[in-house]
Amino acid sequence: MFIATLIAKESLNERDISAALSSLAAAGARISRQSELIDGRVMDFFFDGDAVSARQHLEALEGEIDIAVQPEASRVKKLLISDMDSTMITVECIDELADYAGIKPQIAEITERAMQGELDFEEALRGRVGLLKGLETAAIQQCLDERVRTMPGAQTLVRTMAHGGAATILVSGGFIKFAQPVAQGIGFESFHANILGEQDGLLTGELDGAIVDSVRKDELLRSNAKSLGLPLDLCMAVGDGANDIPMLERAGLGVAYHAKPKAAQAADVAIRHNDLTALLYIQGIAADQWVTE
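Residues numbered from 1 in each chain as written. Predicted model: local features only at pLDDT ≥ 70, side-chain atom pairs only at ≥ 80, totals over all residues. Heavy atoms only, no water.

What follows is about the side chain of threonine 156. You can see threonine 156 is positioned in helix α7 (residues 154–163). Not counting the four nearest positions on each side in its chain, threonine 156 is found in contact with Thr277, Leu280, Trp290, Val291 and Thr292. (Helix = DSSP H or I, 4+ residues; strand = E, 2+ residues; numbered from the N terminus. Contact = heavy atoms within 4.5 Å.)

Below, the structure is given as structure tokens:
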């Protein structure tokens with residue numbers, strides 16, 4: 001049995017519901033039941049049939065509606081692993097940090113190409129970090145204070161899942177001095193990111209230690225699931241760029257959040273219209289169950 005969840009940005013109306021039923025029928029789905037309207041904008045359809053075809057037909061619906069199709073049995077996840085930049089926060093930290101060095105356009109162009117999957121991640125990262133050589137380390141805290149903002153719904157998602165007993169892990173191809181305060185502010189229990197080299201109050205233009213890249217993110221998903229005794233079906237991975245693709249493909253539910261095309265194509269679910277609380281609706285958790293503080 002599968003569940004198809006419709007999540008409207010504003011409200012779900014009878015026309016939307018009728019169109020969804022027609023789309024599922026066209027996909028050959030055998031609908032056994034549907035939920036009541038949830039919070040005025042969400043509805044679940046329970047069906048047997050081809051989940052891939054159902055998703056394809058539903059994603060053709062008009063309007064600002066996100067779609068998730070998944071097995072009913074593993075709907076509620078017990079591990080959340082998420083990217084940071086442009087996923088849990090609204091910016092790419094390295095681009096904003098570069099602005100304090102006066103080279104944001106140059107670095108942002110490289111970041112965009114790397115996230116699109118056009119460049120080798122580690123090579124692009126080391127190249128951009130090299131351009132930051134000589135920047136005062138005080139710019140990191142200034143950037144945190146002035147530029148870094150939490151993505152709408154991030155705290156609610158993480159704290160609600162943690163309250164329900166899920167492990168929550170932040171993994172970033174960015175930098176630990178951003179990831180630590182972001183993780184702590186949102187409510188993640190652990191975090192992993194790269195370490196910027198520093199000396200005499202200046203960035204050295206180097207990275208210290210092993211790189212957190214797509215391979216490392218995937219390793220962290222697998223190792224944490226194993227240590228917790230969880231099947232991957234009960235894990236959710238969230239990200240927006242090419243370096244998130246391995247963990248999106250590995251997790252029981254890979255969610256591309258306002259993502260680059262390659263990441264959206266690789267994921268099980270692509271959130272294009274809603275904020276991160278959509279990931280709670282996908283698990284059957286309505287707003288009256290959310291932890292907001």
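Next up on the list: empty space enclosed by the protein. The final tally for this structure, using the stated rule, is one cavity of 30 Å³ or more. Lining the largest cavity are 17 residues, with Glu92, Met115, Phe121, Gly173 and Gly174 positioned closest to its centre. Among the secondary structure elements, those contributing two or more residues to the lining of the largest cavity are α3 (93–100), α4 (104–115), α5 (121–131) and β6 (167–175). With four residues, β6 is the single largest residue contributor to the lining of the largest cavity. Residue composition of the lining of the largest cavity, by class: six nonpolar, five polar and six charged. (1 Å grid on protein atoms, 1.4 Å probe; cavity = no way out; pocket = protein on both sides within 12 Å on 5 of 7 lines; lining within 4 Å. Points joined across faces, edges and corners; volume = space filled by probe spheres on them. Nonpolar A, V, L, I, M, F, W, Y, C, P; charged D, E, K, R; others polar.)

For strand β10 (residues 253–257), a buried count of five out of five residues is recorded, marking the element as mostly surrounded by other parts of the structure. Side chains Leu253, Val255 and Tyr257 project from β10 onto one buried face, and the interleaved Gly254 and Ala256 project onto a second face that is buried too. Looking at chain direction, strand β9 (residues 235–239) and β10 are connected through four bridges and run parallel. When the bridges of β10 are listed, alanine 237 appears paired with glycine 254. Crossover connection from β9 via helix α10 (residues 245–250) to parallel β10: handedness right-handed. Direction of pairing for β10 relative to strand β11 (residues 269–271): parallel, over a ladder of three bridges. Bridged to alanine 256 within β11 is alanine 270. (Buried < 20%, exposed > 50% of the residue type's maximum accessible area, 1.4 Å probe, protein only. Pairing = 2+ DSSP bridges. Right-handed = clockwise from strand over helix to strand, strands pointing away.)

This next bit is on the side chain of aspartate 83. Mapped onto the secondary structure, aspartate 83 falls in the loop between β5 (79–82) and α3. In terms of polar contacts, aspartate 83 uses its side chain to reach the side chain of lysine 217, at 3.1 Å. When neighbours within four sequence positions are excluded, aspartate 83 is seen to be in contact with Met88, Leu170, Val171, Ser172, Lys217, Val238, Gly239, Asp240, Asp244 and Met247. (Polar contact = N/O pair within 3.5 Å; in protein donor to acceptor, adjacent residues only side chain to side chain.)

Okay, the sheet that holds β11 next. Through backbone hydrogen bonds, the strands of a sheet pair up, either in parallel or in antiparallel fashion. Spatially, seven strands are ordered β8-β7-β6-β5-β9-β10-β11 in an open sheet, and the strand pairing comes out mixed. Two strands lie at the open edges of the sheet, namely β8 (202–208) and β11, each paired on one side alone. With strand direction ignored, the average angle separating the axes of adjacent strands in the sheet is 25°. One ladder, built from four bridges, connects β6 with strand β7 (residues 190–199); its direction is parallel. The residue of β7 that forms the bridge with valine 171 is histidine 192. (Axes fitted to C-alpha atoms, helices over the stretch in contact; angles between N-to-C directions.)

Below, the discussion takes up the sheet that holds strand β1 (residues 2–8). Pairing is antiparallel in the open sheet, where four strands are placed in the order β2-β3-β1-β4. Each edge of the sheet is formed by a strand with only one pairing partner; in this case those strands are β2 (30–34) and β4 (65–71). Averaged over neighbouring strand pairs, the angle between their axes works out to 25° when direction is ignored. Here β1 runs beside β4; their pairing, made up of seven bridges, is antiparallel. What sits directly across from leucine 6, in β4, is isoleucine 67. Most of the contacts of helix α1 (residues 14–26) go to strand β3 (residues 42–48), to which it runs at about 20°, and overall it touches β1, β2, β3 and β4. Strand contacts of helix α2 (residues 51–58): β1, β3 and β4, with the helix running at about 175° to β4, the strand carrying the most contacts.

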